[in-house]
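# Structure assessment
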Amino acid sequence: MAADAPLDLTALTALTRQAYARLDAPQHTRPNQAFELRVGLAPTPMAEVFQPAPLIVPTDAFTLGVSVLAHGFAVVGEDPLTLRMRAGPDDPYPYRMLRLRAVDDPVLAADRVITAVYSVGGGVIGVAHRTVRVGEVPPVPTVEDARTTSAAGVWVLPEEADASTRPDLEIVVAPGNDADGRQHCWLHLGVGACDKPLVTTLGGEADWARSVMRGVQERKDAYDLAHYLKGVGREAGGAVPEEVWAALRAVGERAGPPSVLLATWDPYVPWEMALLPASAPVSRSCMLSSDSFSRAVSSRRNRSGHVPQ
């Protein structure tokens, strides 16, 4: 199927409507047990699905793209994790069904996040997620669980709907669902888009970031601070997939200043400092951050960066 032409949502301001993310799945499943995940649109918010705001979609017919990031789950059958479905007046809230199976691996976390990235016309319009508990015995809900669930993060994206301000490249980094929190699941849309999630490993999120900050404080007035920061950038850069670096290079080769949006689940890893690995074939130095770089994180945390100009 041919890709849709970019959609200018600003021109359709009077012809848009609200919809919500549909991620129907059981709260609990056993290892190696298959279950159904229904992905698409819903007319009202779903209690177990977290998203920052309603999805703004056209009232007329359009093609909705949904990319599912579900590391720690295996697809039963040959269904792809990137889905496309038609929506319109006759079917305003379409959805598709996937069959997943929880991978039985002790390195994976019990609470596993399923993330859905929604797009129209090739541009991200929203990100939503839900959690599925994997274990032999279903958990007994507690008051603390309810507090944790109600405080769970949601994704924050710039509010601009004008296609002229849409970033050249949109990158989403979701949890890798490993027990140690060292894995990250990547998806990128726009230039050099990849329709499958990419999983990388970096040392320990919050602990890694605290170690980095301690190193910065210890070297605050030292001559080797710049060298230390470059080392941090190289370590972070080594956890950025090669496909993402290739897309960044392609964006940089375009005329005019490039713009990049990075939406992350975690606020800890300073991806903005990531440096292209020395072994990568590139004619010039490449850094993930730029003058037209914006980073968005879960709303329970502060956004860093700025909206692309």
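This section reports on the structure supplied with the text. (Residues numbered from 1 in each chain as written. Predicted model: local features only at pLDDT ≥ 70, side-chain atom pairs only at ≥ 80, totals over all residues. Heavy atoms only, no water.)

### With respect to the overall build of the protein chain
In terms of helices and strands, the protein chain carries 4 helices and 15 strands. A total of 309 residues make up the protein chain; the buried ones form 45% of that total. Here the contacts in the protein chain between residues at least 6 apart in sequence split such that 69% fall between residues at least 24 apart. Carbon and sulfur atoms provide 52% of the accessible area of the protein chain, an area that totals close to 15400 Å². (Helix = DSSP H or I, 4+ residues; strand = E, 2+ residues; numbered from the N terminus. Buried < 20%, exposed > 50% of the residue type's maximum accessible area, 1.4 Å probe, protein only. Contact = heavy atoms within 4.5 Å. Areas by Shrake-Rupley, 256 points an atom, 1.4 Å probe, with all protein chains shown as cover.)

### Section: the side chain of D178
Here D178 is to be found in the loop between β11 (169-175) and β12 (183-190). Of the side chains with opposite charge, R182 lies nearest to the buried D178, which makes no salt bridge, at 5.8 Å. With sequence-adjacent residues up to four places away left out, D178 is seen in contact with V107, L108, A109 and Q183. (Lys, Arg positive; Asp, Glu negative; His and termini not counted. Salt bridge = Lys/Arg side-chain N within 4 Å of Asp/Glu carboxyl O.)

### Brief notes about the sheet that holds strand β8 (residues 95-102)
If you trace the 5 strands from one edge of the open sheet to the other, you get β4-β1-β3-β8-β6, paired in antiparallel fashion. At either margin of the open sheet sits one strand with a lone partner, and together these are β4 (55-58) and β6 (73-75). The mean angle between the axes of side-by-side strands here comes to 40°, regardless of whether they run parallel or antiparallel. Judged from the 4 bridges that link them, strand β1 (residues 16-24) and β4 form a sheet pairing that is antiparallel. In the sheet register, A19 faces β4, and the bridge partner there is L55. (Pairing = 2+ DSSP bridges. Axes fitted to C-alpha atoms, helices over the stretch in contact; angles between N-to-C directions.)

### Here's the deal with the pattern of salt bridges
For the structure shown, the criterion picks out 7 salt bridges. Notably, a salt bridge pairs R30 with E136, separated by 4.0 Å at the nearest N-O pair. Here R30 is found in the loop between β2 (28-29) and β3 (34-42), whereas its partner E136 is found in the loop between β10 (123-134) and α1 (143-150), with 106 residues between them in sequence. When its relative accessible area of 53% is taken as the criterion, E136 is described as exposed. A salt bridge links E48 to R130, with the shortest nitrogen-to-oxygen separation between them at 2.8 Å. Residue E48 is found in the loop between β3 and β4, and its partner R130 is found in strand β10; the two are separated by 82 residues along the sequence. Accessibility expressed as a relative area gives 2% for R130, which makes it buried.

### A look at unusual backbone geometry
The backbone phi angle of N32 is positive, close to 65°, even though this residue is not glycine. Structurally, the position occupied by N32 is in the loop between β2 and β3. When its relative accessible area of 44% is taken as the criterion, N32 is described as partly exposed.

### Here's the deal with the environment of R210
Structurally, R210 is set in helix α2 (residues 206-218). Take R210: its relative accessible area is 47%, and that puts it in the partly exposed class.

### Looking at the pairing of strand β14 (residues 260-264)
In terms of burial, β14 is largely enclosed, as 5 of its 5 residues are buried. Neither face of β14 is exposed, since V260, L262 and T264 on one face and L261 and A263 on the opposite face are all buried. Bridge count between β11 and β14: 5 bridges; the pairing is parallel. In the strand pairing of β14, V173 is matched with T264.

### Overview of the nonpolar core
Core analysis: the biggest nonpolar cluster contains 31 residues, and L37, L64, F73 and Y118 have the highest contact counts within it. Looking at this core, the elements that each hand over two or more residues are β1, β3, β4, β5 (62-69), β7 (82-87), β8, β9 (111-120) and β10. In contact with F73, other than residues within four places in its own chain, are F35, L100, R101, A102, V103, R112, I114, V132 and V134. Counting residues in hydrophobic clusters, the runner-up holds 26 residues, among them V212, Y228, A239 and W271. (Core = buried A, V, L, I, M, F, W, Y, C linked by side-chain atoms within 4.5 Å.)

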